[in-house]
Amino acid sequence: MYERRTKEAPSIPPPPRGTMGSTRPPSDVRIGDFVYLDGVYHRVQDMRSAGTAAHRVLIFAGREPLIMREARITYRPIDFR
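What counts, and at which threshold
- Residues numbered from 1 in each chain as written.
- Predicted model: local features only at pLDDT ≥ 70, side-chain atom pairs only at ≥ 80, totals over all residues.
- Heavy atoms only, no water.
- Pairing = 2+ DSSP bridges.
- Helix = DSSP H or I, 4+ residues; strand = E, 2+ residues; numbered from the N terminus.
- Axes fitted to C-alpha atoms, helices over the stretch in contact; angles between N-to-C directions.
- Salt bridge = Lys/Arg side-chain N within 4 Å of Asp/Glu carboxyl O.
- Buried < 20%, exposed > 50% of the residue type's maximum accessible area, 1.4 Å probe, protein only.

Asker: It is not clear to me how the sheet that holds strand β5 (residues 63–68) should be interpreted in this structure. Could you clarify?
Answerer: Sheet strands line up and pair through hydrogen bonds in the backbone, either parallel or antiparallel. Strands sit in the order β1-β6-β2-β3-β4-β5 across an open sheet of six strands; the sheet is antiparallel. Each of the sheet's edge strands pairs with one partner strand only, and the pair in question is β1 (19–24) and β5. Neighbour to neighbour, the strand axes of the sheet diverge by 40° on average, direction disregarded. In this structure, strand β3 (residues 40–49) lies alongside strand β4 (residues 56–60), joined through five bridges in antiparallel fashion. Residue pairing for β4: Met 47 is matched across the bridge by Leu 58.

Asker: Would you take a moment to explain the pattern of salt bridges for this structure?
Answerer: Any two side chains of opposite charge can pair, so long as their charged atoms come close to each other. Under the counting rule described, the total for this entry stands at five salt bridges. Where Arg 76 meets Asp 33, a salt bridge forms, and the shortest distance between an N and an O atom there is 3.1 Å. Taken as a pair, Arg 76 in strand β6 (residues 72–77) and Asp 33 in the loop between β1 and β2 (34–37) lie far apart in primary sequence, 43 residues in all. The pair Arg 76 / Asp 33 is uniform in exposure class, with both members buried. Of the charged contacts in the structure, one is a salt bridge between Glu 64 and Arg 63, with a shortest N-O distance of 3.5 Å. Arg 63 gets classed as buried once you look at its relative accessible area, which sits at 16%. Through salt bridges that share partners, Asp 38, Arg 63 and Glu 64 make up one connected network.

Take it as geometry only, folks, not as evidence of what the structure does.
Okay, structure coming up:
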């Protein structure tokens, strides 16, 4: 049976200024990219390989590491060279 929504979906805050969002596989994520986790954008400080190019361990400052196993939206700083 259909139930009416009593709350609106939580809104996602705008991405960091000067960044461009794109869906990237784990092999295309770079140090310095922003990833949206738990309601906050976290900057990738370092990363490690997790056995294959399809898996990466992303390391953030002040947060536990994330094992990235599938493509997700990341925000990369725009290069104005």
